[in-house]
Amino acid sequence: MSSFYVISDDTVEGDVAIIAMGGEVDLDASPALRERIFSHIKAGRRRIVLDLTDVTFIDSTAVGVLVGAVTRLRESGGGSVAVVCPEQREALSVVVPAGGANIVRQVFEVTGLDAGVALCGSREQALHELALAG
Amino acid sequence: MQGATLDMTAVQVDGDLLLPAHSSWLQTARRHVEQVAQRAGLDAQRSARFVYAVNEAVTNAIRHGKPDGEGRISLRTVLEESSLTVHVQDSGSFSMPSTPPGQDAESGRGFALMSSFADEIRLDLRPGATTVTLVACLP
């Protein structure tokens, strides 16, 4: 079984959806991710933050879900997706050094940036990016 | 995913790990490769990248490939002095799928990641057997 879990799923000021997840987001987990994101889009939300701070693995099917979300938002008149993925992660009081095994950030650096998804180091930065994008 | 049921198990036969061709077994595949990568002496960064590449290959086998008669695909690991090799094999006959628009982008993405994160990739395509081979060069 996949170790994927949802930490929180809230809508904040400005009708921004923030979904925080943890664990490993692979083919087994990406349908659940898709369902969550698309239910926000169906509810009319146009700005979505995916907080991957506690995610230790994310594959191309999950990136595909995000690309699908960006496309759906465009088709619905506009919107943006931002991903929170700090360069340094503190997990269980162990600091992961920059350049360490942060595979999630590397995946986005190889694929996500051309998918129309903003890659941010913190929630604050993500919310700022979404506000800028309009 | 036909033929793979919840009460199936992974089976180890010599150096081959035979996994039910279902997405719920991807984590097992990753853990297995992690252990071998550790034994091979790959550091955390390289190990994570190689595990990633193998995960993409196994994901493809599950999604687009065909399981064997018992509903499984195979992972064979070969650890040599200068390299760690993983062969991911399914029983499909690889053919360029006619995919809906957008799907090509996703496959392309998966392949780009696989090739970025492994030192070498080889494809062996035969009727009834598709093998993706990923290699990490050892320091």
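These numbers were taken from a predicted model, which means no experiment stands behind them.

Glancing now at the overall build of chain A. When you go through chain A residue by residue, the secondary structure sums to 4 helices and 7 strands. When its helices and strands are written in sequence order, chain A yields β-β-α-β-α-β-β-β-α-β-α. Within the span of chain A, comprising 134 residues, buried residues form 50% of the whole. Within the structure as shown, chain A displays about 5,900 Å² of accessible surface, and the carbon and sulfur contribution to it stands at 50%.

A few words on the pattern of salt bridges. Think of it this way: side chains of opposite charge can pair up when their charged atoms draw near. A full pass over the atoms with the stated rule returns 13 salt bridges over all chains. In this structure, Glu34(B) engages Arg31(B) in a salt bridge whose closest nitrogen and oxygen atoms are separated by 3.2 Å. Of the two residues, Glu34(B) and Arg31(B) both sit in helix α1 (residues 26–39), 3 residues apart, roughly one turn of that helix. By relative accessible area, Glu34(B) is classed as partly exposed at 32%. On the basis of relative accessibility, which here comes to 28%, the residue Arg31(B) falls in the partly exposed class. Via salt bridges that share partners, Glu24(A), Asp26(A), Arg30(B), Arg31(B) and Glu34(B) belong to a single interconnected network.

A separate point is the pairing of strand β3 (residues 72–79) of chain B. As a general feature of sheets, a regular strand has side chains that alternate between the two faces. Residues and elements named next belong to chain B. Here strand β2 (residues 16–20) pairs with β3 via 5 bridges, running antiparallel. Its bridge partner lying in β3, Leu 17 is registered against Leu 75. As paired elements, β3 and strand β4 (residues 83–90) share 6 bridges and run antiparallel to each other. Across the sheet, residue Leu 79 finds its bridge partner in β4, namely Leu 84. Where β3 folds back onto β4 in an antiparallel hairpin, the turn is made up of 3 residues.

Counting residues at the interface gives 24 residues for chain B and 23 residues for chain A. Between chain B and chain A, the buried area comes to about 2,000 Å², and carbon and sulfur atoms account for 60% of it. Linking chain B with chain A are 3 salt bridges. In this structure, Glu24(A) and Arg30(B) form a salt bridge, with 2.4 Å as the shortest nitrogen-oxygen distance. Summed over the shared surface of chain B and chain A, the number is 11 residue pairs in polar contact (both at pLDDT 80 or more).

So, about the environment of Asp119(B). All names here are of chain B. With respect to the helices, strands and loops of the structure, Asp 119 is situated in the loop between α3 (103–117) and β5 (120–126). On the accessibility criterion, Asp 119 (45% relative accessible area) is partly exposed. Counting along the chain gives 31 residues from Asp 119 to Val 88, while the straight-line C-alpha distance between them is 16 Å. Beyond its immediate sequence surroundings of up to four residues, Asp 119 is in contact with Arg 46, Val 135, Ala 136 and Cys 137. A polar contact is formed between the side chain of Asp 119 and the backbone nitrogen of Cys 137, at a distance of 2.6 Å.

Conventions adopted
Residues numbered from 1 in each chain as written. Chains lettered and ligands numbered in written order. Predicted model: local features only at pLDDT ≥ 70, side-chain atom pairs only at ≥ 80, totals over all residues. Heavy atoms only, no water. Helix = DSSP H or I, 4+ residues; strand = E, 2+ residues; numbered from the N terminus. Buried < 20%, exposed > 50% of the residue type's maximum accessible area, 1.4 Å probe, protein only. Areas by Shrake-Rupley, 256 points an atom, 1.4 Å probe, with all protein chains shown as cover. Salt bridge = Lys/Arg side-chain N within 4 Å of Asp/Glu carboxyl O. Pairing = 2+ DSSP bridges. Contact = heavy atoms within 4.5 Å. Buried area = accessible area lost by both parts, 1.4 Å probe. Polar contact = N/O pair within 3.5 Å; in protein donor to acceptor, adjacent residues only side chain to side chain.

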